[in-house]
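# Working through the structure, step by step
Here is what each chain is made of, one letter per residue.
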Amino acid sequence: MSSFKRKTLSGRATLPQGTRLSPFSTSTIITSTGIPSLDDILGGGLPLSCSLAVLAPDHHSAYGELVQKYFVAQGLASGQKVCIIHDEPLRFAREGIWMAGSTPSMPAQASTAEDVDDDKASQHDDKIRIAWRYEQMKKFQTTVSSNSLNDDFCMPFDLTCRIPTATLDAAQQSAQLIPIDVDISKDGTGAIEQIEELLSNNTNAHAVRICIPALGSPHWGDMQPPTVLTLLHSLRRLLHRYPNACASLSLAPHMCTDTWGGPGWVQKVGWLTDAAISMSAFGANPSLSSLFPSHHGIVQILTLPAPHTILPASDKYSTLRGLSSAAGTTDGSGENNLAFKCMRKRLIFETLHLDLEGGVTERRTTPASNAMALDAGMVHETVPAAAVPATESRKGSLATVEVEFEHLKDVGSDGRTRAVADDTADDSLVPAKPKKPKKKVAFRSDDRPDLYDF
């Protein structure tokens, strides 16, 4: 009889609500961020005792705070404790999103005309069949749908729905929602002290989510790069001490580039957090918006969580990154470029790809608009070679094209060919083309040469 026994879940403690074991390591417990595609990038979800930093350098958008709203809504929906550190935490919670059909003002049966059109379009696409041999093939997908995940683990939130006031009041009365105001005088150290007190008093087995929507905003005072790095390091140290807590934070837009913190600032933020991503929106660069009309920004992975392991779980279990067999290939391929887009009802992360006709979704016969935009500064002028000297033609344009026209000839009834009167004057300007001598090629077969004229 073998002395080795398989480990089972019967002898282990019950997992906290809204969590599950990581597919990569049974000693790691993960929870959802509220966005299925972001969970896939992180390797299934955000592990407990880890921190996530979202950098959104665009000043004209608030995608970083939108990710935090998903994080807070998922914690409240799954029954976990949520701590919001903000200058107005209750106002931020009221602006949060919720599931469709859960609010009295927006019942589940109410639908707009756009929803009906989307349902009809999806049904029409399902009825189309190209050939019977393609029916068993997997459909082309650029993101991860929430249907493949457990509903209790990741809730289907709707951006058009707001969290009910009754739900917020009940969460605040039961100490599920814990608001913490930002104290400018303590320069961030007061928030760390309150987080430590909260985690030390958490005696039950509930998971705790710590959300910092806008770290470094004017309400935090005049924060310097060393102060921010110290705060990130202190928060990470606290999370490693308390394994049932996790944190998600977003930096202010002016702090998300190296111009504020100096060379290597973004890399330092990734070193002091367990997971870090950058969401660079196209709002400040209209040329990128024309090149990628189906996306709203580029996603860059700075750091991935890897608790209790050397390699992150995302390298093996992420479908969007495309590094392993989970992406649909046999042995995996190179890492995919990632982007994000904010639709009317949800925020998704997907692979960056070009649409039909080089970036335009509809069929057309004219050149693409992005191609014309790229060629706008590359206009070549064709000038006659006789009118412009050789030196000026090289400086004035990038390329000069010389075109020669064959002269028309008039054939009379008497069989003789008479040239046009105007052509006689031009013959002196245009040199006659020398006739090429005929080439003779010999092929030998059975020791007898054969000559052919070309």
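Below or above, wherever it landed, is the structure these notes cover. Predicted model, so just to flag it, every value in this text is computed and none were measured. All residue numbers here refer to positions counted from 1 along the written sequence of the relevant chain. At least 70 in pLDDT is required for a residue's local features to be given in this predicted model, at least 80 for side-chain atom pairs to be given and counted, and no such filter applies to totals for whole chains, interfaces and linings, which use all residues. Computation of side-chain values: all heavy atoms of the structure, hydrogens and water removed.

### Examining the overall build of the chain
To keep it simple, the criterion reads: A helix here means a DSSP run of H or I that spans at least four residues, while a strand means a run of E at least two residues long, and both kinds are numbered starting from the N terminus. Buried residues are those whose accessible area, probed at 1.4 Å on protein chains only, stays under 20% of the maximum for their type, while exposed residues exceed 50% and partly exposed ones sit between those limits. By definition in these notes, contact holds between two residues if any of their heavy atoms fall within 4.5 Å. Note on areas: Shrake-Rupley with a 1.4 Å probe; residue coverage comes only from the protein chains shown.
Summing up its helical and strand segments, the chain has 15 helices and 18 strands in all. Looking at the chain as a whole, 38% of its 454 residues qualify as buried. Looking at the chain alone, contacts between residues at least 24 apart form 68% of all its contacts between residues at least 6 apart. In the form shown here, the chain has an accessible surface area of approximately 27800 Å², with 54% of it arising from carbon and sulfur atoms.

### A short note on the nonpolar core
Our working rule: Side-chain atoms within 4.5 Å link the members of a nonpolar core, which is a set of buried Ala, Val, Leu, Ile, Met, Phe, Trp, Tyr and Cys residues.
Counting 46 residues, the largest nonpolar core has Leu-76 and Phe-349 as the members making the most contacts within it. Not counting residues within four places of it along the chain, the set of residues in contact with Phe-349 comprises Ile-35, Ser-37, Leu-38, Ile-41, Thr-142, Thr-143, Ile-277, Met-279, Val-299, Leu-320, Ala-339 and Phe-340. In terms of nonpolar packing, the next biggest core, distinct from the first, is built from 36 residues, Ile-192, Val-208, Ile-212 and Ala-276 among them.

### Regarding the sheet that holds strand β3 (residues 46-47)
Here is the rule: Any two strands between which DSSP finds at least two bridges are classified as paired.
Overall, antiparallel pairing links the three strands, which are arranged β1-β2-β3 in an open sheet. Only two strands of the sheet have a single neighbouring strand rather than two, namely β1 (19-21) and β3. With three bridges joining them, β1 and strand β2 (residues 29-31) adopt antiparallel strand pairing. Its bridge partner lying in β2, Arg-20 is registered against Ile-30.

### Observations concerning the sheet that holds strand β14 (residues 347-351)
For the record, the criterion: Orientation is described by axes fitted as lines to C-alpha atoms, over the contacting stretch for helices, and by angles from 0 to 180 degrees between their N-to-C directions.
Taken together, the nine strands give an open sheet; going across it, the order is β8-β5-β9-β10-β4-β11-β12-β13-β14, and neighbouring strands pair in mixed fashion. If you trace the sheet from one side to the other, it starts and ends with β8 (177-181) and β14, each paired once. Each neighbouring strand pair of the sheet contributes to a mean axis angle of 20 degrees, computed without reference to strand direction. Across four bridges, the pairing between strand β4 (residues 51-55) and strand β11 (residues 275-281) is parallel. Residue pairing for β11: Leu-52 is matched across the bridge by Ala-275. Sheet strands touched by helix α6 (residues 189-200): β5 (81-86), β8, β9 (208-215) and β10 (245-251). Its angle to β9, the strand with the most contacts, is close to 170 degrees. Where helix α7 (residues 225-241) meets the sheet, it contacts β4, β9 and β10, and its direction lies at approximately 160 degrees from that of β10.

### Remarks on α7
Along an α-helix, a turn takes 3.6 residues, which lines up residues three or four apart on a common side. Applicable threshold: For a helix, the expected span equals 1.5 Å multiplied by the residue count minus one.
A rise of 1.5 Å per residue sets the reference length of α7, with its 17 residues, at 24 Å; its end C-alpha atoms lie 25 Å apart and thus fit the reference within 8%. Buried within α7 we find Pro-225, Thr-227, Val-228, Leu-229, Leu-231, Leu-232, Ser-234, Leu-235, Leu-238 and Leu-239. Residues of α7 that are buried sit in contact with β4, α6, β9, β10, α8 (258-261) and α9 (265-271).

### Details of the environment of Ala-191
Mapped onto the secondary structure, Ala-191 falls in helix α6. Along the primary structure Ala-191 and His-86 are separated by 105 residues, whereas in three dimensions their C-alpha atoms are 9.8 Å apart. With sequence-adjacent residues up to four places away left out, Ala-191 is seen in contact with Ile-85 and Trp-220.

### Comments concerning the packing of aromatic side chains
Aromatic ring pairs: the centre-centre distance and the angle between the two ring planes describe each pair. Rules: Each Phe, Tyr or Trp ring, with Trp reduced to its six-membered ring, pairs with another whose centre is within 6.5 Å; inter-plane angles below 30 degrees give stacked pairs, above 60 give edge-to-face pairs, and intermediate values give tilted ones. A ring is scored as having a charge over it whenever the NZ atom of a lysine or the CZ atom of an arginine sits within 6 Å of its centre and within 35 degrees of its normal.
Tallied over the entire structure, the rule returns seven aromatic pairs. Here Trp-98 and Phe-157 contribute two aromatic rings whose centre-to-centre distance is 6.4 Å and whose plane-to-plane angle is 55 degrees, an arrangement assigned as tilted. Of the two residues, Trp-98 sits in strand β6 (residues 97-99) while Phe-157 sits in strand β7 (residues 157-162), which places them 59 residues apart along the sequence. Overall, the relative accessible area of 7% leaves Trp-98 in the buried class. With relative accessibility at 8%, the residue Phe-157 sits in the buried group. Here a set of aromatic residues connected by ring pairs shows up, and it is made of Tyr-63, Phe-340 and Phe-349. Against the face of Phe-153 rests Arg-20, its NZ or CZ located 4.0 Å from the ring centre. Stacked on the ring of Phe-71, the Lys or Arg Arg-209 has its end atom at 4.6 Å from the ring centre.

### So, the pairing of β4
Taking burial as the measure, the five residues of β4 include five buried ones, the bulk of the element. Burial along β4 is two-sided: the residues Ser-51, Ala-53 and Leu-55 and Leu-52 and Val-54 are all buried. Pairing of β4 with β10 involves four bridges; the strand directions are parallel. Across the sheet, Ser-51 pairs through a bridge with Ala-247, a residue of β10.

### Considerations on helix α2 (residues 63-77)
Compared with an ideal rise of 1.5 Å per residue, which puts 15 residues at 21 Å, α2 spans 21 Å between its outermost C-alpha atoms and is within 8% of the ideal. Most of α2 sits out of view: 13 of its 15 residues are buried. One or two steps after α2, the chain reaches Gly-79, where phi turns positive at roughly 85 degrees.

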